[in-house]
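A structural walkthrough
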Amino acid sequence: MLFVIILPVFFAVTSFAYADPVITLSIDDVRSPLLNTTGVQASLTGSKESLLDIQLDEVAIQGKVWRGLRFSCHKFQIDNGLVRCDEGVLTSARSAPLLISFQFSSRHKILDVKIQISSSEGRESWTLSAHWGKPSWGGMLTVTDGDISRIAEFLPVGEKEILPTPIQGKGTINGSIKLHGDGDGLAGIDADLALDGLAFSDATGLHAGENISGEINAKAVRKGDGQGHLWKWNADVNWPSGEVFWQPLYFSAQGQRLTASGELNENIVRIVEGKLVLSGIGEMDLSGVIERPANTLRDFDLSADNLELSMLFSQVLKPFLANTPFADLKAAGQAGIRWRYRNSAHESLDVNLRDVSVEDERGRFAFSGVNARIPWQMQGANGKHEPTTADIHIQSSQLGRIPIGELHIPLKMEGWNLRIPRLTVPVLDGTLTLENFSASRKEGQAQEWQWQFSGGLSPISMQKLTEALGVQPMHGTLSGEIPRVSYNGSTVEVEGALLVRVFDGTVLIWNLKALDPMGPAATLMADVDMRNLDLNLLTGTFSFGNMQGRLDVAMHDLELFNWKPVKFDASLTSSPGNYPRRISQAAVQNISSLGGMGAAAAIQRSFLHFFDDFGYSKIGWSCSLRNGICHMDGIASEPMPNGYLIVKGGGIPAITVIGYNREVDWWELVSRLQRITQVSPKPIIN
């Protein structure tokens, strides 16, 4: 193909062929918008069967430079307007020799060039035939087992920065390209090409392909004369085998096919009608406009009716969710889509979902039996947002291990502003009510959303809830009021106190804030106050031993990192008021064991060990967690010179529990608590 470079010199030499049997030509510098050449030396020796020799020090075409080019033909003939070379050789400083034969007839206006290249992979040939007259001309390039990497040598520098480069020796091309034109230039192109074993990559490694085979059939015809003419084109691309990675997408060929037709000029490329067939996914109809020379998408329309969501999600959508909280989703079912993109902005998106299921592989949530029509509209003909309402039905879902009943979501949409006036969510035997939910995309932040809502939770059986969570069964009910909850793109914050009723008491959660809640390193901060908890209900839930009375719990400056506690100041104290206060021997033993070897239960001697439970007047215990160590203390109003008082005896018979170990590794303390609540120990009385 480098023969194209020496053609201007060839014609300059042969134009003097009849004048002298020995011709020499020397040109220092030739410059043009297309071609720059330096150091041209040419000679033609003989009259009938001559020796043609052309040397070029350097040739530059569109940024591509060749050095040390030489073309020699030992059987060069000129006879009655026919110029012919049967055994030509083209060499360069870095390329293997090319065997070239050609004939040129000025009388019949015909040029035939054949280039043959021998390599370890076999022999390839590139044959060019051209004819011209007034006003028409035509040409045809035929390729047999051509090395496709040679095409990259002639790509302009600007295109090379965008397109991956074929790897040397990887891939062959067969087929033909026909050209025809007139006095106004090129008027038509017709290409039928087959690729086999193509491999390509770029310098960044973000675009690569391997073992690609395919067929390309394309045709373009110029419409109109002179400047600003329009081209009509159509193309058919079939991809039966190979693999392609185009960051972030990966495709393995399974018979994908693209057919399209349209028009182009120096300003735009227009796809009037196109169809994309993705094996295992479905068919998509598309059209659009690409603006040149920046190659930016201006307008686009895409429609499809029966897409298999599992393959669409895994191959096309999921790669874009990498490094997001939704990277571990999988989906199934069928989907229809209508997408309209105008003036480089989203205008409308109409989605239909049929029997869709979505599951988070990390077990955070799952939805099944989803049927929905979501007609999102950015703006209408008047340039204003068009309000629409989505119709979403979810047969069942799950948040963590908690099952959710059937849902109907009345989602109102006005551009990027979304609203749900009221949503009732069945949770076990109760309901979660969301009020005035609203979401919007943050101004100037294409990827960040903000939302808010308030609501309430009607009584849910704690027994059903703990069974669903797979934890120790509890009794009683759970209910509460949810104040305004908001999300600003990175932080969930509760304004006011979250009120929960459990164990016949109340739980107030305030200053609640979660940073990056769906991320890999979520952080939660809160203050928690529990008042008047029924100890009988609380301790009866675990294998801890029975306690009667009321308890207040405070946990301030709580901080969880990746949902594990790293900091808090906690205290447990007896609630004020008159109520029975009893503690079993098992509970005494377990309270003592939490402090390790440094804790002791001062059980009154003699006959008291015959009693099953004892009286107490106060309970108090605190833990300040810092750097993995729990710094413990007891009843604040009852200081002791040695140790700290956890349970103060009262009544008959009475019990007193004293702790001596003030510092315990937090996870060791948790481990002890898990052991004593899972296995009921036999009381030991001293």
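Reading guide: rules and limits
- Residues numbered from 1 in each chain as written.
- Predicted model: local features only at pLDDT ≥ 70, side-chain atom pairs only at ≥ 80, totals over all residues.
- Heavy atoms only, no water.
- Helix = DSSP H or I, 4+ residues; strand = E, 2+ residues; numbered from the N terminus.
- Buried < 20%, exposed > 50% of the residue type's maximum accessible area, 1.4 Å probe, protein only.
- Arc of directions from axis to C-beta.
- Polar contact = N/O pair within 3.5 Å; in protein donor to acceptor, adjacent residues only side chain to side chain.
- Contact = heavy atoms within 4.5 Å.
- Salt bridge = Lys/Arg side-chain N within 4 Å of Asp/Glu carboxyl O.

Time to look at the overall build of the protein. Across its full length, the protein carries eight helices and 43 strands. The buried share among the 686 residues of the protein stands at 38%.

Below, the discussion takes up helix α5 (residues 462-469). Every buried residue belonging to α5 is among Met462, Leu465 and Thr466, and all of these are buried. Burial along α5 is one-sided: seen end-on, the buried residues are contained in an arc of 95°. For α5, the capping residue at the N-terminal end is Ser461, with a side-chain oxygen 3.3 Å from the backbone nitrogen of Gln463. Downstream of α5 by a residue or two, Gly470 has a phi angle that is positive, lying close to 70°.

Turning our attention to the environment of Arg419. Relative to the helices and strands, Arg419 resides in strand β26 (residues 417-427). Residue class for Arg419 comes out partly exposed when judged on its relative accessible area of 44%. Sequence separation of Arg419 and Ser440 is 21 residues, and the distance between their C-alpha atoms is 8.9 Å. Sequence-distant contacts of Arg419, that is, excluding residues within four places in its chain, are made with Pro410, Leu411, Lys412, Phe437 and Ser438.

Mapped onto the elements of the fold, Thr491 is located in strand β30 (residues 491-495). Judged by its relative accessible area of 14%, Thr491 is buried. Beyond its immediate chain neighbours, meaning those up to four positions away, Thr491 contacts Ser486, Lys513, Ala514 and Leu515.

With that out of the way, let us pick up the pattern of salt bridges. Following the criterion strictly, the structure yields 30 salt bridges and no others. Close ionic contact of Lys75 with Glu87 constitutes a salt bridge, the shortest N to O distance being 3.4 Å. A residue pair is termed long-range when its members are at least 10 positions apart, and Lys75 in strand β4 (residues 64-79) and Glu87 in strand β5 (residues 82-91) qualify at twelve residues. Given the relative accessible area of 32%, Lys75 is considered partly exposed. Residue class for Glu87 comes out partly exposed when judged on its relative accessible area of 45%. Across the pair Asp569 and Arg626 runs a salt bridge, and its minimum N-O distance is 3.2 Å. Residue Asp569 is found in strand β36 (residues 564-574), and its partner Arg626 is found in strand β39 (residues 613-626); the two are separated by 57 residues along the sequence. Take Arg626: its relative accessible area is 30%, and that puts it in the partly exposed class.

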